[in-house]
Amino acid sequence: MSYNQPPHYSFGPPEQPQQPQSGPPSYSPQPPPPPQEPGYAPTQPAYLAPTQPTYGTQVLPTPPAAPRRSPLVPVLAVAMAIGLAGAALSLALWLRSSGDLEDAESRLDDRDTEIAQLEEDLGAAQAAADEAEVQAADAESMRACLDDLKEYYATPVGSDEEAAAEAALQDSCATWIW
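Heads up: these notes are all about the structure in this document. (Residues numbered from 1 in each chain as written. Predicted model: local features only at pLDDT ≥ 70, side-chain atom pairs only at ≥ 80, totals over all residues. Heavy atoms only, no water.)

Before going further, it helps to spend a moment on the overall build of the chain. Summing up its helical and strand segments, the chain has 2 helices and 0 strands in all. Taking all 178 residues of the chain together, the buried fraction comes to 7%. Once local pairs closer than 6 in sequence are excluded, the contacts in the chain between residues at least 24 apart make up 62%. With the model as given, the accessible surface of the chain reaches about 15,900 Å², and the carbon-plus-sulfur share is 61%. (Helix = DSSP H or I, 4+ residues; strand = E, 2+ residues; numbered from the N terminus. Buried < 20%, exposed > 50% of the residue type's maximum accessible area, 1.4 Å probe, protein only. Contact = heavy atoms within 4.5 Å. Areas by Shrake-Rupley, 256 points an atom, 1.4 Å probe, with all protein chains shown as cover.)

Shown next as C-alpha cells:
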C-alpha cells in the first residue's frame, strides 16, 4: 500500500525554503505562479512538488455574497409599524370608551335608584292623598249630617217642615247615627 504524503512533506528538492510562521496563515488569494520560460521544464508529479506552499491548513472558499434584500422588506417594515401604531391607537380609544361606558352605566344605575325612590315616594303620597280624600269626604258627610240635625231641631214640632227635616236627617246621617 502506498501512502501519498501531503505536498509540504515532499522529499524532492525544495523549490523555496519554508520559514516557520509565528501566526496562522492568511487566507488571502495566492498570487499566480510566474510564467515559465519556453523550453524544457522538468515536471514533477503534483503530489511531489507543490505549486504553492501550504501550512497544514485548508484554503477556505470565500462565502457567497449576502443575498440582496428585496425591496419588499422596507415596505413590509413600514406597513408593520403603521399597523402597530393603529393597534395601539385602537387599544387606547377602546380603553377610553370603555371607561366612559362604565361611567355612564354607573350614572344610569344612580338615576334608576333615584327614580325607584321617587316612585316609592309618589306611591306613598298618592296613598296619603287618597286617605285625605276619604277623610275630607267623611268630614263633608259629617258636616251635612250636623247641618241637617241643626235644621231638624230648629223646626217646630209636628209641622211638615219637621217631617222633611227628619227625612233629610235620616238620609245624611245614615252612616253616622243609625
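Continuing now.
Let us look at the packing of aromatic side chains. Tallied over the full model, the rule gives 1 aromatic pair. Taking 5.6 Å as the distance between ring centres and 65° as the angle between the ring planes, the aromatic pair formed by tyrosine 152 and tyrosine 153 counts as edge-to-face. (Phe/Tyr/Trp six-rings, centres within 6.5 Å; stacked < 30°, edge-to-face > 60°.)

Okay, the state of the cysteines next. Inspection of every chain in the model, using the stated rule, returns 1 disulfide. One disulfide bridge connects cysteine 145 with cysteine 173, the sulfur atoms lying 1.5 Å from each other. Measuring the twist about the S-S bond at about 115°, one finds the cysteine 145-cysteine 173 disulfide to be right-handed. Residue cysteine 145 is located in helix 1 (residues 72–154), and its partner cysteine 173 is located in the segment after helix 2 (160–172); the two are separated by 28 residues in the primary sequence. (Disulfide = S-S within 2.5 Å.)

Owing to its 3.6 residues per turn, the α-helix aligns residues three or four sequence positions apart on the same side. When the terminal C-alpha atoms of helix 2 are compared, their 19 Å separation across 13 residues agrees well with the 18 Å that a helix rising 1.5 Å per residue should span. Where helix 2 is concerned, the buried positions are Glu162, Ala165, Leu169 and Ser172. Down the axis of helix 2, the sector holding all buried residues measures 95°, keeping them to one side. Exposed residues pointing more than 90 degrees away from the buried face of helix 2 are listed as Asp160 and Asp171. Elements in contact with the buried residues of helix 2: helix 1. (Expected span 1.5 Å × (residues − 1). Arc of directions from axis to C-beta.)

The end-to-end C-alpha separation of helix 1 is 118 Å, in line with the 123 Å expected for 83 residues at 1.5 Å each. Listed in full, the buried residues belonging to helix 1 are Ser98, Cys145 and Asp148. Where helix 1 is buried, its residues touch helix 2.

As a further point, take the side chain of serine 172. Considering the arrangement of structural elements, one finds serine 172 in helix 2. Residue classification places serine 172 among the buried positions, given a relative accessible area of 16%. For serine 172, the residues in contact, after removing those within four places along its chain, are Ser141, Ala144, Cys145 and Asp148.

So, on to the packing of helix 1 against helix 2. It is at 9 Å that the axes of helix 1 and helix 2 come closest, and there the two elements cross at 160°. Here helix 1 is positioned roughly antiparallel relative to helix 2, judged by the angle of their axes. Here the hand of the crossing between helix 1 and helix 2 comes out left-handed. Side by side, helix 1 and helix 2 meet where Ser141, Ala144, Cys145, Asp148, Leu149, Glu151 and Tyr152 of the first sit next to Glu162, Ala165, Glu166, Ala168, Leu169 and Ser172 of the second. Classifying every residue of the contact of helix 1 with helix 2 gives 7 nonpolar, 2 polar and 4 charged. (Axes fitted to C-alpha atoms, helices over the stretch in contact; angles between N-to-C directions. Parallel < 35°, antiparallel > 145°, perpendicular 65-115°, else oblique. Left-handed = near helix turned anticlockwise from the far one by under 90°. Nonpolar A, V, L, I, M, F, W, Y, C, P; charged D, E, K, R; others polar.)

Turning our attention to a negative patch on the surface. Among the surface-exposed residues, Asp100, Glu102, Asp103, Glu105, Asp109, Asp110, Asp112 and Glu114 lie close enough to one another that they form a single negatively charged patch. Examined against the element boundaries, aspartate 103 turns out to sit in helix 1. (Patch = residues over 30% accessible without salt bridge, like charges linked within 9 Å, V, L, I, M, F, W, Y side chains within 5 Å. Salt bridge = Lys/Arg side-chain N within 4 Å of Asp/Glu carboxyl O. Lys, Arg positive; Asp, Glu negative; His and termini not counted. Charge placed at Lys NZ, Arg CZ, Asp CG, Glu CD.)

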